[in-house]
Amino acid sequence: MIAETIRYVLSNLPLLLCIAAVLCAAVFDRETPWPQRYLSWTLLLAVGFDGVWAGVFHVFFPGTASAQLGWQASPFETKISIADISLGIVAMIAFWRSLAFQNAIALYAVLFYVGVSIGHFVQAFAHGDYSADNFGLILIHTIPLVFFLAGLLWAAWRAERDGYVR
């Protein structure tokens, strides 16, 4: 029972972190304008912790991570893992930084996730890799996150332009 619960949480961590980010933004620091509050929590949890988690998993358990994606372990995996960890650390730092800093990191994350999503589609359709971690929950999580982050960027820009962001 406990092992199954741990496996479930770790297998669904990206989605759980997104849900936690939305819940934390709804509950904490209600004085901060909503676009900045949701952007901050999304960067901290859904981009930050998730990026570090994904990167560390790929660096220290490349065989397992690659197999779940339907790939063979390769040096490329280490490179993308370092990018995941780097994005994650900078996104976590952004939680305490200015809106301009947060916007830059969020824009990078949107572009990175679009590229990653395209890669997963290519692997699925060009190479027949329909494994769950290549063409399943990871895309169901990543694609909406792209639109959510882009929407938060737009809303934060509008709020700042209209003088609502502190």
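An account of the accompanying structure is given in this report.

With that settled, consider the packing of aromatic side chains. A full pass over the atoms with the stated rule returns 13 aromatic pairs. Centroid distance Trp 53 to Phe 57: 5.7 Å. Interplanar angle 20 degrees. Geometry classified as stacked. With Trp 53 and Phe 57 both in helix α3 (residues 34–60) and four residues apart, the pair spans about one turn of that helix. Since its relative accessible area comes to 30%, Trp 53 is described here as partly exposed. Here the aromatic residues Phe 28, Trp 41, Phe 95 and Trp 96 are joined through ring pairs into a cluster of three or more.

In this fold, Val 52 is placed in helix α3. Between the C-alpha atom of Val 52 and that of Ser 117, which follows or precedes it by 65 residues, the distance is 18 Å. Ignoring any residue separated from it by four or fewer positions in sequence, one finds Val 52 in contact with Asp 84, Ile 85, Gly 88, Ile 89 and Met 92.

A word on the packing of helix α5 (residues 75–94) against helix α6 (residues 99–127). Look at α5 against α6: their axes get within 9 Å of each other, and the N-to-C directions meet at 150 degrees. When the axes of α5 and α6 are compared, the pair comes out roughly antiparallel. As α5 runs across α6, the sense of the crossing is left-handed. Contacts between α5 and α6 involve Ile 80, Ala 83, Asp 84, Leu 87, Val 90, Ala 91, Ile 93 and Ala 94 on the former and, on the latter, Phe 101, Gln 102, Ile 105, Tyr 108, Ala 109, Phe 112 and Tyr 113. The residue inventory of the contact of α5 with α6, partitioned by class, reads 13 nonpolar, one polar and one charged.

Calculation rules
- Residues numbered from 1 in each chain as written.
- Predicted model: local features only at pLDDT ≥ 70, side-chain atom pairs only at ≥ 80, totals over all residues.
- Heavy atoms only, no water.
- Phe/Tyr/Trp six-rings, centres within 6.5 Å; stacked < 30°, edge-to-face > 60°.
- Helix = DSSP H or I, 4+ residues; strand = E, 2+ residues; numbered from the N terminus.
- Buried < 20%, exposed > 50% of the residue type's maximum accessible area, 1.4 Å probe, protein only.
- Contact = heavy atoms within 4.5 Å.
- Axes fitted to C-alpha atoms, helices over the stretch in contact; angles between N-to-C directions.
- Parallel < 35°, antiparallel > 145°, perpendicular 65-115°, else oblique.
- Left-handed = near helix turned anticlockwise from the far one by under 90°.
- Nonpolar A, V, L, I, M, F, W, Y, C, P; charged D, E, K, R; others polar.

No statement about biological role is implied by the geometric values presented.
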